[in-house]
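Listed here are the chains, written in short residue letters.
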Amino acid sequence: MEVTRVKIAVVGGGPAGLYASLLLKKEYPSWDISVYERDPADNTYGWGVVFSDATLSNLREADHETHERLTDTFVRWDPIDIFYEDEHIRCGGHTFAGIMRSDLLAILQDRCRDLGVEMHHETTIEEPTELADEVDLLIGADGLNSVVRDAYEERFQPRIETGSAKFAWFGTEKPFDVFTFIFRENEHGLWRIHAYPGTKSTFIVECTEETWTNADMDELGETEALAYFEDLFDDHLAGYDLLAKLYSWRNFPVVNCRRWSIEDRVVLLGDAVHTAHYSIGSGTKLAMEDAIALLEGFREHGQDVDAALNWYEKERRPRVEALQAAADRSQQYFENVERYWDLPPQQFAYNLLTRSGRISYDSLKMRDVSYADGFDRWFQRYQYTPGDGTPAESLPIAANQPLHQPLKLRDLTISNRIAITEQPTSSSDDGMPSSTYLEALIERGSRGPGLLLTDPVAVSPEGRITSGTPGIYTDEHVDAWAEAIESITASADISIGIHLVHAGRRGAMRDRHHGLDRPLPNTQAWELLAPSAIPYTPGGHVPREMDDEDLEAVRMAYSAATERAVEAGFDMVQLHAGHGYLLSSYLSPLSNERDDVYGGSLENRMRYPLEIFDQVRSVWPDERPVGVTLQSTDWNLNGFKTYEAQEVGAALKSHGCDLLSLVAGQATIRERPKYDPTVLADFTESFRNELDIPVLATNYVTTYDEVNTLVGAGRADLCTFTPLPE
């Protein structure tokens, strides 16, 4: 709809509504713009607001005068301080500016008045639909509990997910001079503090629901709660009192809307349409940049309101979603800090700094080279004393990056943190690895990974994935593998692992160039084994439900394959218990419907994979490691869950597992995978730190920066590496 004189009503007098109003009024002085705000003009709710350098640049370009007034009021700082119990770690290069929310609102209100925006404070809009009928555009900038969004809920389709942590906002006269994170444990649990400077410093207290309940915060009033935290953080508050406004504890709500504007010419800005966790300090930034994007929509399409709104959402949504993704990772970190509490202080701090994915090893080098070099020196010392982290007597002058540090698993020392794994191949003949495949393996080994892991190698003819899957079930196979291993290790310090698999019901498939999981014709297929007689694909080959004789035969096949792997000279064995192959099919209720001791409860479903592991461990040399590729989720509501995988991982560790490699999906063709480049790293991180076991990250890692970040932060111990084509 194109009009010659636009009349706009803005519901909400926060940063989003005020900034949108002044920008539009400045650009189009003839437009009628009115702001309706339920609170008084001198509202003092809230504490400090934080901006980054990039945000300040955007504000300067949008309206120079507002930018000048804001920057004259800003408190600026550079470092981040992290207090881990009594340890203090500082990292510079994180430039921020802060302003009290009340000062920000006053500046925006003054600018609106200068430009002729009408403002109606202490005015509650109870029927936004009636107001929308009177104007050409209704802007809903009324925050988290938006009445505009609620009035059109069926059309905006909001989704609100509530976080698990409890938090409360306080202030203090104590002059914190930089962004400060404080972590402290007492008899009630682990508390996290987000504090940052301002005329009055902001002091956010966060904890788990359990800690909050243990401390009786649900029963304490404001005075008692303030006294509790003043005592707990007395060394940081230095005698200053904590202050409260509208004292309350909340769980952070993450807001997302399917639509940002509707045909009635109603649009949402700021927290009304999306939120981002306060730990990345971007709520006000998002709101004001929404206003800038809305202005740009009108600049693109003149007074065509509908086109301007479409442009606003199309251009703005991807940027917001990217920042929300970072905020979600940061929120997950703070909700699960207990997971990292046993990390050494230096690694704990590094994990915190890189939590959201926006800061990495390389960017820390650019922000604060002294901090980054010091971390490298610490990490190198730590690797030589992995038991307790006690530093060596002397500091190394030239420390290697984390990816170049060795990893010790039992008596095996892996020279660096890069692992190269081969994808399933189909060039073998009756299990005999082809010369083409072995030459490719040797070439990969020549590139210097710390660990070279074969593609899945079948323990028996019936355990092959395709007719071309390599095996290690005859003495001739051993000779071929041994020759390749000798060629690889002759010129490089490389550890070589064999990835043992029994395909189970996912066997007897065509080569992958025909398509994934396409069964062989009946005349070419072999009999398949599985926990239950359920085919992997509709119309696929039906496996035979394994009886006692089959169970024993497969145990012995793994045992014989392991003995042959010893003879061939492999340094490590990795058992494949993921991706729908035999061992993972026992774990998943989608493929295991047995009613004996190997089916039903998780304890029963993990029984056979553990028996296989024990059999392998018993014949593999004690000084060499055994790892497991473990299914972390089936990505199916009725399938194998992550919490179950953690129980299996804990059981494997107790049985002597030395390394876990987490994979996901492919237990069935009916799945809803999460297409996120960080999801497998997230699984890896949680298993590593909750189970205290080394892990191999299987996400798509293509740069040394990613390896350094994952390993340095304690999210992984090894990383599969896929270098980009040169």
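Residues numbered from 1 in each chain as written. Predicted model: local features only at pLDDT ≥ 70, side-chain atom pairs only at ≥ 80, totals over all residues. Heavy atoms only, no water.

Caption draft 1: Looking closely at the overall build of the chain. The helix and strand inventory of the chain stands at 24 helices and 29 strands. What you see for the chain is a C-alpha radius of gyration of 30 Å, in line with the 27 Å of a compact globule of 726 residues. A buried classification covers 59% of the 726 residues belonging to the chain. Counting contacts in the chain only where the partners sit at least 6 residues apart, residues at least 24 apart contribute 71% of the total. In the structure as shown, the chain presents an accessible area of about 29600 Å², 45% of it carried by carbon and sulfur atoms. (Helix = DSSP H or I, 4+ residues; strand = E, 2+ residues; numbered from the N terminus. Rg over C-alpha atoms; globule rule 2.2 N^0.38 Å. Buried < 20%, exposed > 50% of the residue type's maximum accessible area, 1.4 Å probe, protein only. Contact = heavy atoms within 4.5 Å. Areas by Shrake-Rupley, 256 points an atom, 1.4 Å probe, with all protein chains shown as cover.)

Caption draft 2: Region of the structure containing a negative patch on the surface. There is a patch of like negative charges on the surface, built from Glu 126, Glu 127, Glu 130, Asp 133 and Glu 134. Tracing the sequence through the fold places Asp 133 in helix α5 (residues 128-133). (Patch = residues over 30% accessible without salt bridge, like charges linked within 9 Å, V, L, I, M, F, W, Y side chains within 5 Å. Salt bridge = Lys/Arg side-chain N within 4 Å of Asp/Glu carboxyl O. Lys, Arg positive; Asp, Glu negative; His and termini not counted. Charge placed at Lys NZ, Arg CZ, Asp CG, Glu CD.)

Caption draft 3: Representation of the packing of aromatic side chains within the structure. Summed over all chains, the structure comprises 41 aromatic pairs. Ring centres of Phe 183 and Phe 334 lie 6.4 Å apart, and the angle between their planes is 5°; on these two criteria the pair is classed as stacked. Of the two residues, Phe 183 is situated in strand β11 (residues 179-186) and Phe 334 in helix α12 (residues 305-335); the sequence distance between them amounts to 151 residues. Accessibility expressed as a relative area gives 0% for Phe 183, which makes it buried. (Phe/Tyr/Trp six-rings, centres within 6.5 Å; stacked < 30°, edge-to-face > 60°.)

Caption draft 4: View of the pattern of salt bridges. The full count for this structure, using the stated rule, is 36 salt bridges. Asp 81 is the partner of Arg 90 in a salt bridge, and the nearest nitrogen-oxygen pair spans 2.6 Å. A residue is classified by how much of its surface remains accessible, and Asp 81, at 5% relative accessible area, is buried. In this structure, Asp 150 engages Arg 149 in a salt bridge whose closest nitrogen and oxygen atoms are separated by 4.0 Å. Judged by relative accessible area, Asp 150 falls into the partly exposed class, the value being 43%. When its relative accessible area of 3% is taken as the criterion, Arg 149 is described as buried.

Caption draft 5: Fine view of the environment of Glu 623. By the secondary structure assignment, Glu 623 is in the loop between α21 (607-619) and β26 (626-631). Spatially, the C-alpha atom of Glu 623 lies 9.9 Å from that of Met 572, the residues being 51 residues apart in sequence. Dropping the residues within four chain positions of it, Glu 623 is found in contact with Leu 409, Arg 410, Asp 411 and Leu 412.

Caption draft 6: Inspection of helix α13 (residues 345-353) at higher detail. Most of α13 is tucked away, with eight of its nine residues classed as buried. What α13 keeps buried is the set Pro 345, Gln 347, Phe 348, Ala 349, Tyr 350, Asn 351, Leu 352 and Leu 353.

Caption draft 7: Molecular detail of the nonpolar core. By size, the foremost hydrophobic cluster in this structure holds 114 residues, and its most contacted members are Phe 183, Ile 472, Phe 570 and Leu 660. Considering each element in turn, this core owes the most residues, seven residues, to helix α18 (residues 548-568). The residues touching Leu 660, leaving out its near neighbours within four places in the chain, are Val 628, Leu 630, Gly 649, Leu 652, Phe 687, Leu 691, Ile 693, Pro 694, Val 695 and Leu 696. (Core = buried A, V, L, I, M, F, W, Y, C linked by side-chain atoms within 4.5 Å.)

Caption draft 8: Quick peek at the sheet that holds strand β4 (residues 75-77). Strand order in the open sheet formed by three strands is β3-β7-β4, and the pairing between neighbours is antiparallel. Looking along the sheet, the strands with just one partner apiece sit at the ends: β3 (48-52) and β4. Taking the axes of each pair of neighbouring strands and ignoring which way they run, one obtains an average angle of 25° across the sheet. Sheet analysis places β3 next to strand β7 (residues 96-100), joined by five bridges and oriented antiparallel. Within β7, the residue paired with Val 50 across the bridge is Gly 98. Across the sheet, helix α4 (residues 101-115) lies against β3 and β7, angled at about 80° from β7, the strand it touches most. (Pairing = 2+ DSSP bridges. Axes fitted to C-alpha atoms, helices over the stretch in contact; angles between N-to-C directions.)

Caption draft 9: Quick look at the packing of helix α3 (residues 64-73) against α4. At a minimum axis separation of 10 Å, α3 and α4 run at an interaxial angle of 155°. Taken together, the axes of α3 and α4 lie roughly antiparallel to each other. In this structure, the crossing between α3 and α4 has a hand that is right-handed. Contacts from Glu 65, Thr 66, Arg 69, Leu 70 and Thr 73 of α3 reach α4 at Asp 103, Leu 104, Ile 107, Leu 108, Asp 110, Arg 111 and Asp 114. Split into classes, the residues belonging to the contact of α3 with α4 amount to four nonpolar, two polar and six charged. (Parallel < 35°, antiparallel > 145°, perpendicular 65-115°, else oblique. Left-handed = near helix turned anticlockwise from the far one by under 90°. Nonpolar A, V, L, I, M, F, W, Y, C, P; charged D, E, K, R; others polar.)

Caption draft 10: Region of the structure containing the packing of helix α17 (residues 475-489) against α18. Look at α17 against α18: their axes get within 8 Å of each other, and the N-to-C directions meet at 40°. Considering the relative orientation of α17 and α18, their crossing is right-handed. Of the residues in α18, those touching α17 at Asp 475, Val 478, Trp 481, Ala 482 and Ile 485 are Arg 564, Glu 567 and Ala 568. Residue composition of the contact of α17 with α18, by class: five nonpolar, no polar and three charged.

Caption draft 11: The arrangement of helix α23 (residues 679-691) in detail. Helix length check: α23 (13 residues) gives 18 Å between terminal C-alpha atoms against 18 Å at 1.5 Å per residue, within 8%. Among the 13 residues of α23, eleven are classified as buried, and the element is accordingly described as predominantly covered. Packed against the buried residues of α23 are α13, β26, α22 (642-654), β27 (659-663), β28 (695-701) and α24 (704-712). Residue Asp 692 follows α23 closely and has a positive phi angle near 55°. (Expected span 1.5 Å × (residues − 1).)

Caption draft 12: Fine view of the sheet that holds strand β20 (residues 418-421). Pairing is parallel around the closed barrel formed by eight strands, whose spatial order is β20-β21-β22-β25-β26-β27-β28-β29. Strand-to-strand, the axes of this sheet are offset by a mean angle of 30°, without reference to chain direction. Here four bridges tie strand β22 (residues 495-501) to strand β25 (residues 572-577), and the two strands are oriented parallel to one another. What sits directly across from Ile 498, in β25, is Val 573.

Caption draft 13: Quick look at the side chain of Thr 208. If you trace the backbone, Thr 208 turns up in the loop between β13 (201-207) and α8 (209-214). The exposure class of Thr 208 is buried, given its relative accessible area of 16%. Separated by 3.1 Å, the side chains of Thr 208 and Thr 211 make a polar contact. Setting aside residues no more than four positions away along its own chain, Thr 208 makes contact with Lys 166, Arg 192, Glu 335 and Glu 338. (Polar contact = N/O pair within 3.5 Å; in protein donor to acceptor, adjacent residues only side chain to side chain.)

Caption draft 14: Fine view of unusual backbone geometry. With a phi angle near 55°, Glu 85 is a residue other than glycine that sits in the positive phi range. With respect to the helices, strands and loops of the structure, Glu 85 is situated in the loop between β5 (80-84) and β6 (87-91). Residue Glu 85 is classed as partly exposed on the basis of its relative accessible area of 27%. Phi at Leu 246 takes a positive value of approximately 50°, unusual for a residue other than glycine. Within the secondary structure, Leu 246 is located in the loop between β14 (242-243) and β15 (250-257). Taking the relative accessible area as the measure of exposure, Leu 246 reaches 63% and is therefore exposed.

Caption draft 15: Spatial organisation of the pairing of β5. For β5, the buried fraction is high: five of the five residues fall into the buried class. Pairing of β5 with β6, which is carried by five bridges, proceeds in the antiparallel orientation. Considered in β6, the bridge of Ile 82 is made with Ile 89. One ladder, built from five bridges, connects β5 with β11; its direction is parallel. Bridge pairing links Asp 81 to Thr 180 in β11.

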